[in-house]
Amino acid sequence: MLEGKKLAVIGVGKLGEALISGLLKNGALKAEDVCGTVGRENSISRVREKLPIAVTLDNKEAVKGKDLILLAVKPQNMAKVLLEIKDVIEDHQLLISVAASVSTAFVEEKLGRPAPVVRAMPNTPSVINAGMTGLCGGSQAKPEHLKACEAIFRCVGETVFVDESLMDAVTALSASGPAYLYVVIESLAEAGVKLGIPRETSTLLAAQTMYGAAKMVLESKAHPALLKDTVTTPAGCTIDGLMELEEGKLRVTLIKAVVKAAERARELVHR
Ligand SMILES: NC(=O)c1ccc[n+]([C@@H]2O[C@H](COP(=O)([O-])OP(=O)(O)OC[C@H]3O[C@@H](n4cnc5c(N)ncnc54)[C@H](OP(=O)(O)O)[C@@H]3O)[C@@H](O)[C@H]2O)c1
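Participant: Give a detailed account of the sheet that holds strand S1 (residues 7–10), specifying residues and quantitative values.
Facilitator: What the eight strands build is an open sheet, ordered S3-S2-S1-S4-S5-S6-S7-S8; its pairing is mixed. Of all the strands in the sheet, the pair left with one neighbour each is strand S3 (54–56) and strand S8 (157–161). Taken over all neighbouring pairs, the strand axes of this sheet differ in orientation by 20° on average, direction set aside. Note that strand S2 (residues 34–37) and S3 share three bridges and pair parallel. If you follow Thr37 over to S3, its bridge partner there is Thr56. Strands in contact with helix H4 (residues 78–85) are S1, strand S4 (68–71) and strand S5 (94–97); relative to S4, the strand with the most contacts, it is inclined by about 155°. Docked against the sheet, helix H7 (residues 167–175) engages strand S6 (117–121) and strand S7 (131–137), running at close to 30° with respect to S6.

Shown next as C-alpha cells:
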C-alpha cells in the first residue's frame, strides 16, 4: 500500500519519531523517501542522531513532491503550519493529522479549499509497536486515502476506524488510557510492596499480569467478564479482592475518568 510513496512529517517530536521509526523498521518506506521538519534549529541534530532521514526547518520545501504529509505538531501550532504550507499543497497530496482536538474541517478551512484529510489518534505505546490508533476520514478522504493511513499506523500497532464525532472519545480512552493503566500498575505494585514483595519484583508481577490479561482479551475474543469468572473460584480469594474493587467503585471511577477526559478534549477544540 505504501510502496514507492514519499512522506513528509511536519513536526518530528516524540510521536513523529515513533511513527517514522516504525515505518522504516517495518520496511514500509525507505529512509530516502521520508523527510521531516522541526521547529527549532537545535532539534535538527536530535532527529539526525536517531533517524536516517533528511531533516529541515523548511515546511514548504519538505512537502514538495510528497504523496503523504503527516502533521505531527502540537495542536496550537497547527493553524500556523497549515497557513504556511497551503500555497504549496497539491490536490493529490494526502494530509494526515495526529493533533488532538483538531478536526478535519479545521484543516480544510485553514488550507482554504477542500482537500483529502485523514485524522488519526495514536497512543504512546506506538513507540514499541504496541500502539492503538483511531482513524477517521474528512469530507474528501477516499478509500485509498484511508487504506494508506491504515497502512502507516499498522506499522506501529492496531488501528480502528470510527466516525469523526467519536474521536474525542477515542482520545480519552486509548490515547489517554496508558496513563490510567500506569496508575493501576503502580497501585498493584504498591500492594505487593505492602505485602513484602520487593518493588522491582512487584512491578514486574503487576505489569506482566496486565499485559497477560490484555492479551487474553485480544486473543480469546471472550467477554472480559467471562475471563474474570475463570479466575474467580467459588469461596476463593479473588472474589474477596473483587468485592473490595466494587466497594471502591473502580468501574464507575474508570468510566467517569474517560467521560471527563472526553469532555476536556471537546473543550480543547482548536479553532
Ligand atoms: N504523544 C502522544 O502520546 C500523542 C498521542 C496522540 C496524538 N498526539 C499528537 O501528536 C502531536 C505531537 O505530539 P508530540 O507528543 O510528538 O509533541 P512534541 O514531542 O512536542 O513534538 C512536536 C514537534 O513539532 C515541532 N514543531 C513545532 N513547531 C513547528 C513548526 N512550526 N514546524 C515544524 N515543526 C514544528 C517541534 O519541534 P522542536 O522539537 O524543534 O520543538 C517538535 O519536534 C500533537 O498534536 C499531539 O496532540 C500525541
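Next comes the rest of the account.
Participant: I'd like to hear about the site of the ligand, residue by residue, with values.
Facilitator: Not every one of the 25 residues close to the ligand is listed here, only the nearest: Leu15, Arg40, Ser43, Arg46 and Val73. At a separation of 2.8 Å, an oxygen atom of the ligand approaches a polar backbone atom of Leu15. Lys74 places a side-chain nitrogen or oxygen 3.5 Å from an oxygen atom of the ligand. For the ligand, whose accessible area on its own is 900 Å², the fraction buried by protein is 84%. Here the ligand is seated within the second largest pocket. If you list the elements that add at least two residues to the shell around the ligand, you get helix H1 (14–25), helix H2 (43–50) and H4. Looking at the shell around the ligand, its residues break down into twelve nonpolar, eight polar and five charged.

Participant: So, the domain arrangement of the protein: which residues are in play, and what are the values?
Facilitator: We note that the domain assignment places domain 1 (7–170) and domain 2 (177–267) within the protein. On a C-alpha basis, the centres of domain 1 and domain 2 stand 33 Å from each other. Every contact between the two is made by six residues of domain 1 and, on the other side, five residues of domain 2. At the boundary of domain 1 with domain 2, total buried surface from both sides reaches about 400 Å², with 54% on carbon and sulfur atoms. Contact with domain 2 buries area across many residues of domain 1, yet Ser101, Asp168 and Ala169 alone supply 69% of it, more than any other trio. Where domain 1 touches domain 2, the interface holds zero salt bridges. Linking domain 1 with domain 2 are one residue pair in polar contact (both at pLDDT 80 or more), by the criterion used here. Grouping the amino acids of the side of domain 1 that touches domain 2 by side-chain chemistry returns two nonpolar, three polar and one charged.

Cut-offs used in this document
Residues numbered from 1 in each chain as written. Predicted model: local features only at pLDDT ≥ 70, side-chain atom pairs only at ≥ 80, totals over all residues. Heavy atoms only, no water. Pairing = 2+ DSSP bridges. Helix = DSSP H or I, 4+ residues; strand = E, 2+ residues; numbered from the N terminus. Axes fitted to C-alpha atoms, helices over the stretch in contact; angles between N-to-C directions. Contact = heavy atoms within 4.5 Å. Near = heavy atom within 4 Å. Polar contact = N/O pair within 3.5 Å; in protein donor to acceptor, adjacent residues only side chain to side chain. Areas by Shrake-Rupley, 256 points an atom, 1.4 Å probe, with all protein chains shown as cover. 1 Å grid on protein atoms, 1.4 Å probe; cavity = no way out; pocket = protein on both sides within 12 Å on 5 of 7 lines; lining within 4 Å. Sits in = over half its atoms within 2 Å of the grid points. Nonpolar A, V, L, I, M, F, W, Y, C, P; charged D, E, K, R; others polar. Domains from an automatic or database assignment. Buried area = accessible area lost by both parts, 1.4 Å probe. Salt bridge = Lys/Arg side-chain N within 4 Å of Asp/Glu carboxyl O.

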